[in-house]
Amino acid sequence: MAFDYDLFVIGAGSGGVRASRLAAMAGAKVTVAEEYRAGGTCVVRGCIPKKYMVYASEFGRAIEHAKGYGWSVDTATYDHNLFMDRMHREIDRLSGIYARNVRNAGVEIIEERAEFVDAHTLKLMTSGRTVTAQKILIATGGSPIMPKNVEGIDLAISSNEMFRLDAIPGHIVIVGGGYIAVEFAAIMNGLGARVCIVYRGETVLRGFDDDVRTHVHDELKRKGVKVITNASPTRIVKAGGKLSMALSNGESVTADNVLFAVGREPYTRGLGLDKAGVKVNDKGAVVVDDYSRASVPHIFAVGDVTDRLNLTPVAIREGQAFAQTEFMNMPTQFDHAGVPHAVFAQPPVGIVGLSEADARQKFGRVDIYKTRFRPMKDILTGDEERVLMKVVVRAEDERVVGVHIVGPDAPEIIQAVAIAVKMGATKPDFDRTCALHPSIAEELVTLRDKFVPPELKPV
Ligand SMILES: Cc1cc2nc3c(=O)[nH]c(=O)nc-3n(C[C@H](O)[C@H](O)[C@H](O)COP(=O)(O)OP(=O)(O)OC[C@H]3O[C@@H](n4cnc5c(N)ncnc54)[C@H](O)[C@@H]3O)c2cc1C
């Protein structure tokens, strides 16, 4: 049977763009359908605009700190419209570059939503056209969860709307305790909003190392974010221009905006996967093997829609591995171990490898090296912020299996440390490395004493 295309990609986000470009450059006839904007979540309503908002939010504190260094700053004001305008111009530019790069590689972009008709056929939802393809890549990403069981949920916003706020709210309530909730709490706090986090657990950042979680939780509170734990929202009502949200613990909170950041789900709704026979798991994620192949042999999926490790560089590398395997004659599996990631809070978090708890569960005996200290820069500013550094070492062979940093530049530091961890560096390798002085990162190579929990210390 002759198909219209060798490869049809659904979604021009991080994974879809990388896969379609490489496949086309290898000679395949490729098209990619995009229902919103080229670049996907990362470029349009994720990493990039988020990081710009993080930058915007850090200046207030930096200006305050400058006083400790002799600067006098009389009037510093923030113009939200000006910032938003500049940020969105940059996002438009980047989205344009993505589209151009895809086209330059010989890929056709169809600016329409695509849905499966059967295992080889897709319907383009604006024109109503149908097209066929020999291979299909699902790269539709994820979408924010907005729980339907909360009455008045339509009054709340998701992370998507945070990039389009007309003004910084006087008071914002953020529901959730994951990295997106924590990042927006720090951003809004830095931009002058009163922030309240409502979280159903005890400590934010579930899944991260316990020391990191406590450190970030305490820093949020120290910076003035109110954190209500062990509570979830039940109802939101509008009253006198404000939103009032009732909580399961009997409390209620009032704010100008309510942001729900309680997680994301694979974006497979309405895609017609059942018509193609593609299996999904109980969260709606496309089930794939190590080569990103779905339950139907000529259909593949990469990125957030597979719910493996929902990060941009991972979606890109999965898309690349798919194209190399299927179109470049280079069977490639992406290795999901040792992927560094960050929480762009204040102070930011950078981690690679396993938490202490996960390492203990996996390896039994582990050694912990950790330190907390006040960064040199803050001695003169008077800020009481602390840095946390923690290295998790497998006792059996002294291999470093986890590094966790909370502090200035932690994401930048951890990217470099991730190379060493991926290469299998040991604690003696860290120790043999000479310090760079004076720096925060030098503490990583000067950690000498194993941490002994207080209950195990000799009396
Ligand atoms: C607020 C926020 C902050 C984030 N911060 C970071 C960060 O700091 N670092 C990091 O690594 N990751 C971050 N992420 C995660 C990152 O954005 C995702 O992991 C990444 O974008 C996933 O890429 P993807 O290709 O799987 O999907 P996406 O980038 O989401 O792309 C999917 C594309 O498919 C399109 N699409 C969907 N269905 C259809 C259809 N039926 N037809 C046509 N088009 C369709 C969508 O419009 C979208 O453009 C963040 C996410 C959010 C929401």
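Everything that follows concerns the structure shown earlier in this document.
For the structure given in this document, a descriptive report is provided here. Model, not experiment: these values are computed from the prediction.

Describing the overall build of the protein chain
1) Next: Helix and strand content of the protein chain: 13 helices and 21 strands.
2) Next: For a compact globule of 459 residues, the expected C-alpha radius of gyration is about 23 Å, and the protein chain comes in at 24 Å, within 12% of that figure.
3) Next: Structurally, the protein chain occupies a C-alpha span of about 75 × 65 × 45 Å along its principal axes.
4) Next: Across the 459 residues that make up the protein chain, the buried fraction comes to 52%.
5) Next: Long-range pairs, those at least 24 residues apart, make up 62% of the contacts in the protein chain with a sequence separation of at least 6.
6) Next: Roughly 22000 Å² of accessible area belongs to the protein chain as shown, and the carbon and sulfur atoms make up 51% of that amount.
7) Next: Across the protein chain, 56 positive and 57 negative side-chain charges occur, with their mean positions spaced 1 Å apart.

Describing the site of the ligand
1) Next: Near the ligand, the surroundings consist of 36 residues, among which Gly15, Glu34, Thr41, Lys50 and Asp304 are the closest.
2) Next: Between an oxygen atom of the ligand and a side-chain N or O atom of Thr41, the distance comes to 2.5 Å.
3) Next: Its free accessible area being 1000 Å², the ligand has 95% of it covered by the protein chains.
4) Next: Mapped onto the shell around the ligand, the elements with two or more residues apiece are helix 1 (14-25), helix 2 (40-45), helix 3 (47-66), helix 6 (179-190) and helix 9 (312-327).
5) Next: Looking at the shell around the ligand, the element that brings in the most residues is helix 2, giving four residues.
6) Next: Grouping the constituent residues of the shell around the ligand by class yields 15 nonpolar, 12 polar and nine charged.

Considerations on the pattern of salt bridges
1) Next: Counting across every chain of the model gives 36 salt bridges.
2) Next: Taking the shortest distance from any N to any O, the salt bridge between Lys390 and Glu356 comes out at 2.6 Å. With Lys390 in strand 20 (residues 387-394) and Glu356 in helix 10 (residues 356-363), this residue pair connects regions lying 34 residues apart in the sequence. Of the two residues, Lys390 and Glu356, both sit in the buried class.
3) Next: Salt bridges sharing partners connect three or more residues here, namely Asp209, Asp211, Glu356, Arg360, Lys370, Arg372 and Lys390.

Some remarks on helix 9
1) Next: Here helix 9 is 16 residues long and its end C-alpha atoms lie 22 Å apart, about the 22 Å a rise of 1.5 Å per residue gives.
2) Next: Within helix 9, 13 of the 16 residues are buried, which leaves the element mostly enclosed by the surrounding structure.
3) Next: The first or second residue beyond helix 9 is Asn329, which carries a positive phi of 60 degrees.

Quick notes on the nonpolar core
1) Next: Ranked by size, the top nonpolar core spans 41 residues in total, and within it Met53, Ile174, Met188 and Val216 carry the most contacts.
2) Next: Breaking this core down by element, the ones donating at least two residues are helix 3, helix 4 (80-104), strand 8 (171-175), helix 6, strand 9 (194-198), helix 7 (210-222) and strand 18 (349-353).
3) Next: At seven residues, the largest contribution of residues to this core is made by helix 6.
4) Next: The residues touching Met188, leaving out its near neighbours within four places in the chain, are Met53, Met162, Leu165, Ile168, Pro169, Ile172, Ala193 and Val195.
5) Next: By size, the runner-up hydrophobic cluster in this structure holds 24 residues, among which are Phe8, Val131, Ile138 and Ile299.

So, the packing of helix 1 against helix 9
1) Next: Across the interface, helix 1 lies against helix 9 with an axial gap of 7 Å and an inter-helix angle of 25 degrees. Put simply, helix 1 runs roughly parallel to helix 9. Note that helix 1 runs across helix 9; the crossing there is right-handed. Here helix 1 contributes Ser14, Gly15, Arg18, Ala19, Leu22 and Ala23 to the contact with helix 9, which in turn contributes Thr312, Ala315, Ile316, Gly319, Gln320, Phe322, Ala323 and Phe327.
2) Next: Partitioning the contact of helix 1 with helix 9 into residue classes produces eight nonpolar, five polar and one charged.

Calculation criteria
Residues numbered from 1 in each chain as written. Predicted model: local features only at pLDDT ≥ 70, side-chain atom pairs only at ≥ 80, totals over all residues. Heavy atoms only, no water. Helix = DSSP H or I, 4+ residues; strand = E, 2+ residues; numbered from the N terminus. Rg over C-alpha atoms; globule rule 2.2 N^0.38 Å. Buried < 20%, exposed > 50% of the residue type's maximum accessible area, 1.4 Å probe, protein only. Contact = heavy atoms within 4.5 Å. Areas by Shrake-Rupley, 256 points an atom, 1.4 Å probe, with all protein chains shown as cover. Lys, Arg positive; Asp, Glu negative; His and termini not counted. Charge placed at Lys NZ, Arg CZ, Asp CG, Glu CD. Near = heavy atom within 4 Å. Polar contact = N/O pair within 3.5 Å; in protein donor to acceptor, adjacent residues only side chain to side chain. Nonpolar A, V, L, I, M, F, W, Y, C, P; charged D, E, K, R; others polar. Salt bridge = Lys/Arg side-chain N within 4 Å of Asp/Glu carboxyl O. Expected span 1.5 Å × (residues − 1). Core = buried A, V, L, I, M, F, W, Y, C linked by side-chain atoms within 4.5 Å. Axes fitted to C-alpha atoms, helices over the stretch in contact; angles between N-to-C directions. Parallel < 35°, antiparallel > 145°, perpendicular 65-115°, else oblique. Left-handed = near helix turned anticlockwise from the far one by under 90°.

Treat this as a map of the structure, not an account of what it does.
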